[in-house]
Structures are given as structure tokens and as C-alpha cells.
Amino acid sequence: MNFVYLLASARHGTLYCGVTSDLMARIYQHREAVIGGFTKQHGIKLLVWYEPHASIEAAIVREKRIKEWQREWKCNLIERANPYWEDLAVGLGFAPL
């Protein structure tokens, strides 16, 4: 399974959109700041939305579309599924931050 996901630094904080074929490993990398870059620099660790895709190609197309969206649209996408911007990684077995 492949995933498009949105991370946030806090509710209505800085957002990051990514794609992965291993959501658990990728969330671990973000939470532990294993890889430098935007998410590490801005403290973006909360998994606030994700969407499964059957193929990596479909996931990449969706990620690119979301990255082109206005911030308000991304926030609306999150809030439809996760109105309180809870850390969905906790439900996947990660410890709360």
C-alpha cells in the first residue's frame, strides 16, 4: 500500500505533504528527525491526515495535486477527517508527542 500524508507542526501550524510506500517507517523518520530538511527544521511531526493508494504512481499524482492547493484547502481536507488535528500516528502505535 502507498500513502499520501499531511504532517503539521501544530493545529493550523506549518504543513508538509509527502508520499511513501511505508507509512510507519516514514512517520518514524519524521518524528525522530532522522532526515534533515523542511520537517526537521520546522518541527513538523504530527500526522494529521493520510490516504492510501494502490499504486505509487497514483499516490504521487495526488501528492502533486495537494501541493498545488491553497493552504485553506489543505486545512479543510484535514478537518473533514480529523477536526481536532489529532496526531493520527498515535492510533498507528506511536507514543504521543
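Residues numbered from 1 in each chain as written. Predicted model: local features only at pLDDT ≥ 70, side-chain atom pairs only at ≥ 80, totals over all residues. Heavy atoms only, no water.

Enquirer: How should I be thinking about the pairing of strand β1 (residues 2–8) in this particular structure?
Expert: Here is the key point about a regular strand: its side chains alternate between the two faces of the sheet. Buried residues dominate β1, accounting for seven of its seven residues. What you see with β1 is no split at all: N2, V4, L6 and A8 on one side and F3, Y5 and L7 on the other are buried throughout. Judged from the seven bridges that link them, β1 and strand β3 (residues 46–53) form a sheet pairing that is antiparallel. By the bridge assignment, L7 is partnered in β3 with L47. Judged from the six bridges that link them, β1 and strand β2 (residues 15–20) form a sheet pairing that is antiparallel. (Buried < 20%, exposed > 50% of the residue type's maximum accessible area, 1.4 Å probe, protein only. Helix = DSSP H or I, 4+ residues; strand = E, 2+ residues; numbered from the N terminus. Pairing = 2+ DSSP bridges.)

Enquirer: I keep staring at the pattern of salt bridges and nothing clicks. Help me out?
Expert: Side-chain pairs of opposite charge can arise where the charged atoms are in close proximity. Counted by the stated rule, this structure contains three salt bridges. Note that E63 and K67 form a salt bridge whose closest N and O atoms lie 3.2 Å from each other. Separated by four residues within a single helix, E63 and K67 lie in helix α3 (residues 56–68), roughly one turn from each other. On the basis of relative accessibility, which here comes to 45%, the residue K67 falls in the partly exposed class. (Salt bridge = Lys/Arg side-chain N within 4 Å of Asp/Glu carboxyl O.)

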